[in-house]
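Report on the structure
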Amino acid sequence: MIRELLYDLYSQHRLLVGTGSVLVLYLAAALVVARSGREKDHDLPLLLSVPATIGAAFAVLLKRCLPSEGKSVGKIGVVVFSALFIVLAVSISGDNVFSRQFCTRAENGMHIEPDLCEAADAILAENDRPNVIVMPGWDVSLAAYSSRLNMIHEDEDAGLTELEKIHPDLGKVAKAAKRKDAGYVLLSKGIWPEMPMDRYGYALIFENDTCAVYREVSTP
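In this text the structure is predicted, and so the values were computed from the model without any measurement. Residue indices begin from 1 for each chain and proceed along its sequence in written order. Whole-chain, interface and lining totals are the exception, using all residues; otherwise, since this is a predicted model, local features are given only for residues with pLDDT of at least 70 and side-chain atom pairs are given and counted only at 80 or more. Computation of side-chain values: all heavy atoms of the structure, hydrogens and water removed.

Only buried residues count toward a nonpolar core, which is a set of Ala, Val, Leu, Ile, Met, Phe, Trp, Tyr and Cys residues joined through side-chain atoms within 4.5 Å. Three exposure classes are used, based on accessible area relative to the maximum for each residue type with a 1.4 Å probe and protein chains only: buried under 20%, partly exposed in between, and exposed over 50%. By size, the foremost hydrophobic cluster in this structure holds 35 residues, and its most contacted members are Leu142, Leu186, Leu187 and Met197. Broken down by secondary-structure element, the contributors of at least two residues to this core are helix 6 (114-124), strand 1 (131-134), helix 7 (138-145), helix 8 (170-179), strand 3 (184-188) and strand 5 (211-216). The element best represented in this core is helix 6, accounting for 6 residues. By the convention used here, residues are in contact when the closest approach between their heavy atoms is within 4.5 Å. Setting aside chain neighbours within four positions, we find Leu186 in contact with Leu116, Ala119, Val132, Ile133, Val134, Met135, Trp138, Leu142, Cys211, Ala212 and Val213. Counting residues in hydrophobic clusters, the runner-up holds 8 residues, among them Leu25, Tyr26, Val33 and Ala57. To qualify as a helix, a DSSP run of H or I must reach at least 4 residues; to qualify as a strand, a run of E must reach at least 2; elements of each kind are numbered from the N terminus.

So, about the pairing of strand 1. Relative to strand 2 (residues 150-151), strand 1 is paired through 2 bridges, and the arrangement is parallel. Within the sheet, the bridge partner assigned to Val132 lies in strand 2 and is Met151. A crossover counts as right-handed when, viewed with the strands pointing away from the observer, the path leading from the first strand over the helix to the second turns clockwise. Taken together, strand 1, helix 7 and strand 2 form a β-α-β motif whose crossover is right-handed. By the convention used here, strands pair only if DSSP detects at least 2 bridges between them. Both strand 1 and strand 3 contribute to a ladder of 3 bridges, which runs parallel. Of the residues in strand 3, the one forming a bridge with Val134 is Leu186.

The following block contains the structure:
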């Protein structure tokens, strides 16, 4: 049990130390807490956590620096300096505070799945104002990605409700798409139809790991 606790403590420290600034701050904070006159049973649990130790030390300094009767108000400047020092130490502490392991840049500002963006680009490369039938739930993301995509909603069309199934009848989807003048159908690679979409007058023009784009080539 003790071994596991020590390993967790070591792992937590490794995630924060970076190039050493936070480690130095932690050791200084531990010294402040140890010399603050707090009861021992309160000190030891705090020392097991880097953020808790630094926070406790800051609280001790804040309490001592705040003006009281007979003390100069100028000591508030010490508090402000201490806070700025903590921010500085954390911000320059190294790659392990802000690293690719924990923080990555979004592929796009709206956090739309990149595979859907690629599919949308493939459609827009062929048609500037396409009518598109997409899988349930994808219409919101794609509409946000480009206002030029005209999403054909299912309403009460029995054909388009097929896309809510794991094993959809793509024949019904193709007929519904034709009735609604949808030149493109964007399907998930996760469905398992009995017959592929290209059997119903639609040709595959693009696919990736997530989805496949079909374009109408003849009347189903």
